[in-house]
Amino acid sequence: MADVIIDESSFVRSAGRQLLVYGIVTVLGFALLMWLLDALASLVGSSSETTGAVDAATGTITLYLDEEPPQLDSTLATDQVSGRIIGHVMEGLLRKDELGNIVGGVAESWTIDADKAVFNLRAAARWSDGKPVTAHDFIFAWQRTLDPATASEYAFILYYIKNAEAINRGEMPPTALGVSAPDERTLVVELERPVLFFDKLVSFPTYYPVREDFFKATNGRYGADADTLLYNGPFVISSWVHGASLRMDRNESYWRRDEIRLNTINWAYITSDANAQLNFFKDGKVAYAGMAPESLSVALENRWHLRQFQDGGVFFIEFNHRPNRLTRNLHLRRALLLVNNSSELVNKVTKLPGYLPTNSLFPAFLDGLHDKFRREHPAKDVPIDVDQARRELELARKELGLEKWPPLSLLTGDNPIANLQSEYYQSVFKDKLGLDVRIDRQIFKQRLQKMTSGDFDMVMAGWGPDYEDLLTFGDFFASWNLNNRGRYDNPEYDALVRKAQASLDQAERVELFARMQDIIVDDAVILPNYEKGASFVTDPRLKGLVRRVVGADPDYTYAWIEESAQ
Amino acid sequence: MFRYTLKRLVQGLITVWFIATATFGAMHLVPGDPLSGEKAASAEIQANLRAKYGLDKPVLQQYFVYLGNIARGDFGISFTQKNREVNDIIREHFPVSATMGLLAILFAGAGGVLWGALTALFRNRLPDVIIMFLVILGISVPSFVMAALGQLSLVKLNAFFGATVLPVGGWGTVRHMLVPSLVLGLGTMAYLTRLMRSSMLEIVNADFIRTAKAKGLPAARIFSKHQLRNASLPVVTVLGPAIAAITTGGFVVELVFAIPGLGRYFVQAVQQLDYTVIMGTTVFYGAFLVFMVIAVDLVYGLIDPRVRLQ
């Protein structure tokens, strides 16, 4: 037996040596393969050397995108990432300056009356191929957006133009649109009804120009690639590798090019992973990073200067007001409102930096008459009153003729914040009122489906502004608004919205919206939660970053690099 | 050989047809409207969108239209990127996934065979215990943890050297590919190590090994010619499905390392109910998997003379 054991261990030894040789060969093989691939790649010339976050010598900043921009055709784009890109490479008749004031874009002067708007286009406004931007480019874009065949989801934002809605419904041909171009550089817009904020509307991407001959030459691929898009904004897209990177260079045909201080914006990474975004920032590869709650400790550790911003979105629990629903009962809704503690939700539960507890449908940024609307007209405060809430609940139970309360369904999205929030409300309603809540967690499209078909009692919902006016929030609960998925239906409220839509007197409008705000509290239409916020960090050398509630956000068109800042 | 190959190919096509049908069915059973968006659209706009994507027709008719288009190799236009064809998406992003997947499978295959042989050689001794512990870790730790850890160590590495040793993410050069493909291949490597170890252990006591030893063949020769080669057959068998799994399963790694692969489209399309992209990527990946398995079966004969096919 002794022989065999000696034999065995010597076998292991020499086999082990052999294995070691294989191991070394493998490692060398991989090294060689890598080297070959690298050499091959540099031959092809595709090797992209990674640069730092900010490069003062070349005037370049490097950033990430949360996702591949789904749609760069301005007549079709609906999402925020696409809006950000479009906002950097296109320009409308009017634009917003770094303070958010409306100033001239393609138009150098304009007049807006009750029934008509006239825009005089500047001679220096050019497309990136050097041809002038003409009034016809706007007419083409707007007619195309409204053409039912285009099926643009943002067509409604053009409805203030004469005949726009009828065209979009297919009742009139697109050529019936109330716009005309007496000459190349004059655009006359007839209005369907008077509107106080038409200047803000025309700075919205859906109003941006599209040049007909170029559009037709792209054969349905307009905006699909860097070379199937024509630019008239501060930057042009010089390369776009789908899913990987998008590079913008300063547009040398842009009329204001001398004021644009960055040469290149390189969106070099595309990922929605918050942790990865943070790692890119930590590694000095990107000049901006949004902060997820779990990233905050990292920011503190590194003593980064944390900045905050409210993006204008308001979040709330929306009730189902359809006739057969328990939540149609006012006493039940009041009971729930009386235990709704939005500051506890924001400060103790979700703990997201930048989020503001709220008691109104209207966000704080909206203008009133002389000051911010919410400062002129604070929403009625509903103090927490559990006893009163229980009395209301008892009233509701009697009115509805119930023995005991069946569980109420709370429809939510499927993400960590929604989970925290829905579980918080579940426990509050149980502890304070003894109500059972069944959480119905759904991914985005399924949640939309259930909201639209009315398959819920309460839903965690939100609304972001389409333009900077009280109306974009006020008309949310108009009975005809399709986004009013809880189907709140109140003739008094509807009348206020109609009046506000037609009025050109801001003092009167502000009063109307204040009354809407009161109705929303008195009628317990929603349980207000918070105004959504964002916290972010930037490279200290990057200056002049502008955040916007509506339009391209973050906006780097006014940004510059300051080498000395640290 | 030719007839066998042909038979397998026909079977493969039937499988792909089955995949397409099952996907089509499952996709339409998922609740939710693929054309719905955050902002509610009017009935007219919705009708126009439905007409544009052919969703206004009866489901059965849609099915045959789909099938006809797939047969012609046309997967249609994406629902979320309304000016991009699914064919373009696959053409642009699959090579990235494939490159990363191929590297990963090379890592996994070579690593699995070598570590497996090592553990078998030193069974129940320290190297075996250590490696098998790591293998259990590799199999059980999910890829999003691995990817995050991998990226974090790159950040630390670069901070330590004060320069970019290896990029933290992105795509373009070999240096971008290294860590992501390692992370991607790690799970498979662990699995293959275990497979290799057990198949080695089965063989060390086989009759032909004893004969070889009795004949007095040199140990190194027995080890590499008789043990290693025989034991790696099961590894080759699972390599086919593993290649497909790795090339399709890169979603998390692609997300974390900001790599423009197809895996992201594959997963996000399902969340967004992007019918055409779901169909396109699933059928494409399904076909890829099926033909990988066939290819491996054919290659098998080259490695093992005993299974050479008539």
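Model, not experiment: these values are computed from the prediction. (Residues numbered from 1 in each chain as written. Chains lettered and ligands numbered in written order. Predicted model: local features only at pLDDT ≥ 70, side-chain atom pairs only at ≥ 80, totals over all residues. Heavy atoms only, no water.)

### Focus on the overall build of chain B
The helix and strand inventory of chain B stands at 13 helices and 0 strands. Across chain B, helices and strands are ordered from the amino to the carboxyl terminus as α-α-α-α-α-α-α-α-α-α-α-α-α. Counting only C-alpha atoms, chain B reaches 85 × 60 × 30 Å along its principal axes. For chain B, the residues scored as buried account for 50% of the 310 residues in total. (Helix = DSSP H or I, 4+ residues; strand = E, 2+ residues; numbered from the N terminus. Buried < 20%, exposed > 50% of the residue type's maximum accessible area, 1.4 Å probe, protein only.)

### So, helix α7 (residues 274-282) of chain A
For an α-helix, the turn length of 3.6 residues means that residues three or four places apart are oriented alike. When α7 of chain A is considered as a whole, its buried residues turn out to be A276, Q277, L278, N279, F280 and F281 of chain A. Immediately beyond the C-terminal end of α7 of chain A, within one or two residues, lies G284 of chain A, with a positive phi of roughly 70 degrees.

### Topic: the environment of G434 of chain A
On the secondary structure map, G434 of chain A appears in the loop between α13 (416-433) and β16 (437-441). Separated by 87 residues in sequence, G434 of chain A and V521 of chain A have C-alpha atoms that sit 23 Å apart.

### Structural notes on the interface of chain A and chain B
On the chain B side, the residues contacting the 67 residues of chain A number 70 residues. Together chain A and chain B conceal approximately 5700 Å² of surface at their shared face, both sides included; 60% is due to carbon and sulfur atoms. A per-residue breakdown of the area chain A buries against chain B is headed by F11, E153 and K445 of chain A, which together make up 12% of the total. At the junction of chain A and chain B, the tally comes to 3 salt bridges. At the surface where chain A touches chain B, the tally comes to 19 residue pairs in polar contact (both at pLDDT 80 or more). At the level of elements, α1 (2-44), β11 (264-270), α7 and α14 (444-453) of chain A are the ones that each hand at least two residues to the side of chain A that touches chain B. Tallying contributions element by element places α1 of chain A first for the side of chain A that touches chain B, with 16 residues. Split by residue class, the side of chain A that touches chain B holds 28 nonpolar, 25 polar and 14 charged. (Contact = heavy atoms within 4.5 Å. Buried area = accessible area lost by both parts, 1.4 Å probe. Salt bridge = Lys/Arg side-chain N within 4 Å of Asp/Glu carboxyl O. Polar contact = N/O pair within 3.5 Å; in protein donor to acceptor, adjacent residues only side chain to side chain. Nonpolar A, V, L, I, M, F, W, Y, C, P; charged D, E, K, R; others polar.)

### Overview of helix α7 (residues 174-204) of chain B
Between the first and last C-alpha of α7 of chain B there are merely 39 Å, a value that for 31 residues lags more than 12% behind the 45 Å anticipated at 1.5 Å per step. Considering bend angle alone, the principal kink of α7 of chain B is centred on L186 of chain B and spans about 40 degrees. (Expected span 1.5 Å × (residues − 1). Bend = angle between axes of the 7 residues up to and from the residue.)

### Description of unusual backbone geometry
A cis amide bond, omega -10 degrees, links D553 of chain A with the succeeding residue P554 of chain A. As for its position among the elements, P554 of chain A is in the loop between β19 (542-543) and β20 (560-561). If you check the backbone angles, A151 of chain A has positive phi at about 55 degrees while not being a glycine. Positionally, A151 of chain A belongs in the loop between α3 (135-146) and α4 (164-168). By relative accessible area, A151 of chain A is classed as buried at 4%. One non-glycine residue with positive phi stands out, namely L273 of chain B, at about 50 degrees. Along the chain, L273 of chain B turns up in the loop between α12 (262-271) and α13 (275-303).

### Focus: the nonpolar core
F119, W142, F198, I237 and Y556 of chain A are the most contacted members of the largest nonpolar core, which totals 217 residues. The greatest single-element share of this core, amounting to 16 residues, is contributed by helix α4 (residues 86-121) of chain B. Apart from the residues within four sequence positions on either side, F119 of chain A is in contact with L93, L94, A107, S109, W110, R185, T186, L187, V189, F198 and V202 of chain A. (Core = buried A, V, L, I, M, F, W, Y, C linked by side-chain atoms within 4.5 Å.)

### Points about the domain arrangement of chain A
By the assigned domains, chain A splits into domain 1 (4-49), domain 2 (65-269 + 539-561) and domain 3 (310-533). Centre-to-centre separation of domain 1 of chain A and domain 3 of chain A, based on C-alpha positions: 64 Å. (Domains from an automatic or database assignment.)

### Overview of the sheet that holds strand β1 (residues 54-55) of chain A
Think of a sheet as strands paired side by side through backbone hydrogen bonds, with each pair either parallel or antiparallel. Residues and elements named next belong to chain A. A sheet is described by the order of its strands in space; here 5 strands give the open sequence β1-β2-β11-β10-β9, paired in mixed fashion. Of all strands in the sheet, those bounded by a partner on one side alone are β1 and β9 (235-241). The pairing of strand β2 (residues 60-65) with β11 spans 6 bridges and is parallel. Among the inter-strand pairings, L65 is bridged to a residue of β11, identified as I270. The strands touched by helix α2 (residues 80-89) within the sheet are β2, β9, β10 (245-250) and β11, with β9 carrying the most contacts at an inclination of about 135 degrees. (Pairing = 2+ DSSP bridges. Axes fitted to C-alpha atoms, helices over the stretch in contact; angles between N-to-C directions.)

### Side note on the pattern of salt bridges
Applying the stated criterion across every chain yields a total of 37 salt bridges over all chains. D523 of chain A is the partner of R333 of chain A in a salt bridge, and the nearest nitrogen-oxygen pair spans 3.8 Å. Here R333 of chain A is found in helix α9 (residues 330-338), whereas its partner D523 of chain A is found in the loop between α17 (506-522) and β18 (526-538), with 190 residues between them in sequence. Each of R221 and D225 of chain A together with D88 and R91 of chain B takes part in one network of salt bridges that share partners.

### So, the side chain of Q446 of chain A
Inspection of the secondary structure assignment puts Q446 of chain A in helix α14. When its relative accessible area of 9% is taken as the criterion, Q446 of chain A is described as buried. One polar contact links the side chain of Q446 of chain A to the main-chain carbonyl oxygen of P31 of chain B, over a distance of 3.4 Å.

### Brief notes about the confidence of the model for chain A
Residue and element names in this part refer to chain A. For chain A, per-residue confidence averages 92 on the pLDDT scale, and residues scoring 70 or more make up 97% of the total. Put simply, α1 is where chain A has its lowest mean pLDDT, 79, and strand β8 (residues 186-190) is where it has its highest, 97. Confidence drops under a pLDDT of 50 for residues 1-6, and excluding neighbours within four residues, the segment shows 0 contacts in the predicted structure. (pLDDT = per-residue confidence, 0-100.)

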